[in-house]
Amino acid sequence: MDTRLLTGAVEMLTLEVVSHGPSYGYEITQTVLARSAGQFELKEGSLYPALHRLERQKLLESYWTEAEGRRRKYYKLTTAGRKALAARRK
């Protein structure tokens, strides 16, 4: 399989999930799994490099917060991210 295809798919899925509101890594993987009815399992080894790439491209930004006694890094879509997602949907 062409790795560019996989990379693009992971990035598109990530942007789509985060477009509905800020989310953290594990939550993103579980959302993708649920929406695909268990057909697509997004692994950490694919997700976190994609999140970092999207941050470098200024499509996502991150922030830390404490929830349920744990520090979590949340990701949210930037204005540029919304535009990029709209373009990728076409």
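Heads up: the structure comes first, above all this text.
Everything quoted here is computed from the prediction, not taken from an experiment.

Rules used in this analysis
- Residues numbered from 1 in each chain as written.
- Predicted model: local features only at pLDDT ≥ 70, side-chain atom pairs only at ≥ 80, totals over all residues.
- Heavy atoms only, no water.
- Helix = DSSP H or I, 4+ residues; strand = E, 2+ residues; numbered from the N terminus.
- Rg over C-alpha atoms; globule rule 2.2 N^0.38 Å.
- Buried < 20%, exposed > 50% of the residue type's maximum accessible area, 1.4 Å probe, protein only.
- Contact = heavy atoms within 4.5 Å.
- Areas by Shrake-Rupley, 256 points an atom, 1.4 Å probe, with all protein chains shown as cover.
- Core = buried A, V, L, I, M, F, W, Y, C linked by side-chain atoms within 4.5 Å.
- Pairing = 2+ DSSP bridges.
- Phe/Tyr/Trp six-rings, centres within 6.5 Å; stacked < 30°, edge-to-face > 60°.
- Lys NZ or Arg CZ within 6 Å of the ring centre and 35° of its normal.
- Axes fitted to C-alpha atoms, helices over the stretch in contact; angles between N-to-C directions.
- Left-handed = near helix turned anticlockwise from the far one by under 90°.
- Nonpolar A, V, L, I, M, F, W, Y, C, P; charged D, E, K, R; others polar.

Moving on, we get to the overall build of the protein chain. Along the backbone of the protein chain there are four helices and three strands. For the protein chain, the sequential pattern of α-helices and β-strands runs α-β-α-α-β-β-α. Relative to a compact globule of 90 residues, whose C-alpha radius of gyration would be 12 Å, the protein chain shows 13 Å and is just as compact. Each of the three principal axes of the protein chain carries a C-alpha extent, and together these read 40 × 30 × 20 Å. Taking all 90 residues of the protein chain together, 32% fall into the buried category. Within the protein chain, contacts between residues at least 6 apart in sequence are counted, and of these 46% link residues at least 24 apart. Of the roughly 5900 Å² of accessible surface on the protein chain, 52% is carried by carbon and sulfur atoms.

So, about the nonpolar core. Within the largest apolar cluster, 17 residues are counted, with the highest numbers of intra-cluster contacts made by Leu15, Ile28, Leu42, Leu51, Leu60 and Leu77. Not counting the four nearest positions on each side in its chain, Ile28 is found in contact with Val17, Val18, Ser23, Leu42, Leu47 and Leu51.

One open sheet accounts for three strands, arranged E1-E3-E2; its pairing is antiparallel. Two strands in the sheet have a free side with no partner beyond their single neighbour: strand E1 (23-24) and strand E2 (60-67). Pairing of E2 with strand E3 (residues 70-77) involves eight bridges; the strand directions are antiparallel. Note that in E3 the partner of Leu60 across the bridge is Leu77.

Our focus in this paragraph is the packing of aromatic side chains. As enumerated under the stated definition, the model contains two aromatic pairs in all. Ring centres 5.3 Å apart and planes at 70 degrees place the aromatic pair Tyr24 and Tyr74 in the edge-to-face group. Of the two residues, Tyr24 is situated in strand E1 and Tyr74 in strand E3; the sequence distance between them amounts to 50 residues. Where Tyr63 meets Tyr74, the ring centres are 5.8 Å apart and the plane angle is 15 degrees; that geometry is what we call stacked. Of this pair, Tyr63 sits in strand E2 while Tyr74 sits in strand E3; the two residues are 11 residues apart in sequence, bridging distant segments of the chain. Among the aromatic side chains, those forming a connected cluster through ring pairs are Tyr24, Tyr63 and Tyr74. The aromatic ring of Tyr24 is capped on one face by Arg72, whose charged end is 4.2 Å from the ring centroid.

Quick look at the packing of helix H2 (residues 25-35) against helix H3 (residues 44-56) now. Relative to each other, H2 and H3 sit at 115 degrees, their axes nearing to 11 Å. Between H2 and H3 lies a crossing of right-handed hand. Taken together, the residues of H3 that come into contact with H2 (itself represented by Gly25, Tyr26, Ile28 and Thr29) are Leu47, Tyr48 and Leu51. Here the residues of the contact of H2 with H3 sort into five nonpolar, two polar and no charged.

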